[in-house]
Structures are given as C-alpha cells and as structure tokens.
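Given next are the chains, with one letter for each unit.
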Amino acid sequence: MEFLYQYIKNICVFTLVITLILNIFPDRQYLKYIKLFAGLLLILLAINPIVNLGKKRIDISDIIDKFYYSEITVDSDMSDSLNEIQTKVYERMSEMNEQSTGVEENQ
C-alpha cells in the first residue's frame, strides 16, 4: 500500500513542478520543448515500477512467512504482558491475604 501511495505522490509532485516551470518561463518559444521533455520524463516515471517489478522476483511464500512471523512476535509480546499482569495480580492477592491474616491474628 505504501508503494502505491509513494507512486501517486511522485507523479503528483512531478506534475506540479512541471506546471510551475511552465508558468515561470516568460519566453513561449521553448514551451514545446519543455513539454516534450516533461512528457518523456512522465512516461519514464510511470513505467519505472513496471520495469522494477520485472527485475524483482516476488515469492509468495516469503510474504506469507513474513506475515506469519510478525503475528507470532505480536502474540509473544502479548503473552509476556499477560504473564506480567498475572504475576502482579498474584503478588497483590498474596499481599492482601497476608494483611487479612495479620488483622485476624491481632483480634
């Protein structure tokens, strides 16, 4: 998803910069050359992800493993937190039990 966001952002920024450049130049005789050059760059910018996709091999099993192991780390972090909470609850209950036992002995 981040890739698509970055791709669209690059095209928008490029279009804004070219529009700014076209408006800055007061001499209109070079306008058609600037538009030609900008068009070629825009085509290269649009084709770039497709060319890079051909260079990069996508392995579905790697993607699944990455997702699976990220889920395991989240679960182990939760398990650690749960163990901490259980320990604190046990300690608190032990303290309360000792206090109530101490109060009964004093009476």
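Conventions used here
- Residues numbered from 1 in each chain as written.
- Predicted model: local features only at pLDDT ≥ 70, side-chain atom pairs only at ≥ 80, totals over all residues.
- Heavy atoms only, no water.
- Helix = DSSP H or I, 4+ residues; strand = E, 2+ residues; numbered from the N terminus.
- Buried < 20%, exposed > 50% of the residue type's maximum accessible area, 1.4 Å probe, protein only.
- Core = buried A, V, L, I, M, F, W, Y, C linked by side-chain atoms within 4.5 Å.
- Contact = heavy atoms within 4.5 Å.
- Patch = residues over 30% accessible without salt bridge, like charges linked within 9 Å, V, L, I, M, F, W, Y side chains within 5 Å.
- Areas by Shrake-Rupley, 256 points an atom, 1.4 Å probe, with all protein chains shown as cover.
- Salt bridge = Lys/Arg side-chain N within 4 Å of Asp/Glu carboxyl O.
- Expected span 1.5 Å × (residues − 1).

Engineer: Could you give an account of the overall build of the protein chain, with specific residues and numbers?
Structural biologist: Helix and strand counts for the protein chain stand at 3 helices and 0 strands. Reading the helices (α) and strands (β) of the protein chain from amino to carboxyl end gives α-α-α. For the protein chain, the proportion of its 107 residues judged to be buried stands at 6%.

Engineer: Outline the nonpolar core, supporting the account with residue identities and numerical values.
Structural biologist: One finds Phe14, Ile18, Leu22, Ile34 and Ala38 forming the largest nonpolar core, which totals 5 residues. The element contributing the most residues to this core is helix α1 (residues 2–24), with 3 residues. When neighbours within four sequence positions are excluded, Ala38 is seen to be in contact with Phe14 and Ile18.

Engineer: So what about a nonpolar patch on the surface? Which residues, and what values?
Structural biologist: Taken together, Leu36, Leu40, Ile43, Ile47, Ile50 and Val51 make up a surface patch of nonpolar side chains, about 570 Å² in accessible area. Of note, Leu40 is situated in helix α2 (residues 31–55). Residue Leu40 is classed as partly exposed on the basis of its relative accessible area, which comes to 48%.

Engineer: Pulling in residues and values, what's your account of the pattern of salt bridges?
Structural biologist: Tallied over the entire structure, the rule returns 1 salt bridge. When the shortest N-O distance is used, the salt bridge between Arg92 and Glu95 registers 3.4 Å. Of this pair, Arg92 and Glu95 both sit in helix α3 (residues 60–106), 3 residues apart, which is roughly one turn of that helix. Overall, Arg92 belongs to the partly exposed group, its relative accessible area being 46%. Residue Glu95 is classed as partly exposed on the basis of its relative accessible area, which comes to 40%.

Engineer: I'd love a proper account of α1, names of residues and values included.
Structural biologist: Taking 1.5 Å as the rise per residue, α1 with 23 residues should run 33 Å; its terminal C-alpha atoms sit 33 Å apart, in good agreement. Residues of α1 that are buried: Phe14, Ile18 and Leu22.

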